[in-house]
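Working through the structure, step by step
Listed below, chain by chain, are the residues.
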Amino acid sequence: MRLDLSTWQEVEAYLTRSTGIIIPTGSTEQHGPMGLIGTDAICAQTIAEHAATQADALVAPTLALTPAPFNMRFPGTISISEPLFEALAREIVEGLAGQGFRHIYFLNGHGANLAPLRRIAADPQTQATIQVKSWWDFAPVNALRDQYYRAWEGMHGTPAEVAITQATHRILPPGDAAEPPRKLTPEFIKAHAGDKHGPPDEHRRDFPDGRVGSHSALARPEHGEALIQAAPKCVAADYLAFLSGQ
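Residues numbered from 1 in each chain as written. Predicted model: local features only at pLDDT ≥ 70, side-chain atom pairs only at ≥ 80, totals over all residues. Heavy atoms only, no water.

**So, unusual backbone geometry**
Residue aspartate 56 is not a glycine yet carries a positive backbone phi of 55°. Note that aspartate 56 resides in the loop between helix H2 (39-55) and strand S2 (58-59). Note on aspartate 56: relative accessible area 43%, which makes it partly exposed. A positive phi angle is found at aspartate 195, which is not glycine, with a value near 60°. On the basis of relative accessible area, aspartate 195 is assigned to the buried category, the value being 13%. (Helix = DSSP H or I, 4+ residues; strand = E, 2+ residues; numbered from the N terminus. Buried < 20%, exposed > 50% of the residue type's maximum accessible area, 1.4 Å probe, protein only.)

Right, dumping it as structure tokens:
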């Protein structure tokens, strides 16, 4: 059940049986030669909608305009500042909470969204209980990622997320992504977790095709279909546990 495809009467009826809602969060940024600019948003929304079917949940419109400043030298990327994103998400939470949505579950698809969302969740003045999870946080999902790609999953333009968009939208030729990228060290991955990358000029210089340690050409649509089967089951179970206070 999508909020934007519902009437207000349907939402009012929903609130008589549930106080929960799922909000997908992604980005609008380059994802390498094989990745769609909307990849993060597509992944989060796709998994959220499948999970909602299993959990009888309402899904809010995806927040796709988010912080991605490091990718601004790649045409098509749209980035807003972290304070602006946090303020926007906070107002959305406050508005939904005022209508009776007391359990708000952010399903994330973009690392740079995590810090501001977690600050909102931790704020004692927030009028709702908030859960923040990324779709890759679950062991069965990571087992598939490891099975298919191992260390070549990398950090950006990952074959897992490309595989999901291959299953839902279209398959692009590998182009420059046919060859594996420079492999990342564990130290680099730790230091840059949460999309803590450098200034946009440096980022474009260091990762000229947009991939960050990810061998996108390993993606297959059947991998995406398997991920779309596994991830929503995990999200649905986690969402229902969140609603019940477990």
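**Here we look at the packing of helix H3 (residues 82-99) against helix H4 (residues 114-122)**
At a minimum axis separation of 9 Å, H3 and H4 run at an interaxial angle of 40°. Comparing the axis directions of H3 and H4 gives the class oblique. Our pair here, H3 against H4, has a crossing hand that is right-handed. Side by side, H3 and H4 meet where Glu82, Phe85, Glu86, Ala89, Arg90 and Val93 of the first sit next to Pro116, Leu117, Arg119 and Ile120 of the second. (Axes fitted to C-alpha atoms, helices over the stretch in contact; angles between N-to-C directions. Parallel < 35°, antiparallel > 145°, perpendicular 65-115°, else oblique. Left-handed = near helix turned anticlockwise from the far one by under 90°. Contact = heavy atoms within 4.5 Å.)

**A few points about helix H5 (residues 139-149)**
Side chains that are three or four residues apart share a direction in an α-helix, a result of its 3.6 residues per turn. Among all positions in H5, only Val141, Leu144, Arg145 and Tyr149 are buried. Across the axial projection of H5, the buried residues extend over an arc of 100°, all falling on one side. Exposed positions of H5 whose direction lies more than 90 degrees from the buried face are Ala139 and Gln147. Here the buried face of H5 lies against helix H6 (159-168) and helix H9 (221-244). (Arc of directions from axis to C-beta.)

**Topic: the layout of surface pockets**
Quantified by volume, the largest pocket comes out at close to 590 Å³. As for the largest pocket, its lining consists of 26 residues, of which Trp136, Arg145, Gly154, Met155 and Thr158 are closest to the centre. For the lining of the largest pocket, a count of residues per class yields eight nonpolar, eleven polar and seven charged. The space that makes up the second largest pocket amounts to roughly 180 Å³. Taken together, 13 residues line the second largest pocket, and the ones lying closest to its centre are Glu82, Ala112, Gly194, Asp195 and Lys196. At four residues, the largest contribution of residues to the lining of the second largest pocket is made by H4. Here the lining of the second largest pocket is built from residues that sort into seven nonpolar, two polar and four charged. (1 Å grid on protein atoms, 1.4 Å probe; cavity = no way out; pocket = protein on both sides within 12 Å on 5 of 7 lines; lining within 4 Å. Points joined across faces, edges and corners; volume = space filled by probe spheres on them. Nonpolar A, V, L, I, M, F, W, Y, C, P; charged D, E, K, R; others polar.)

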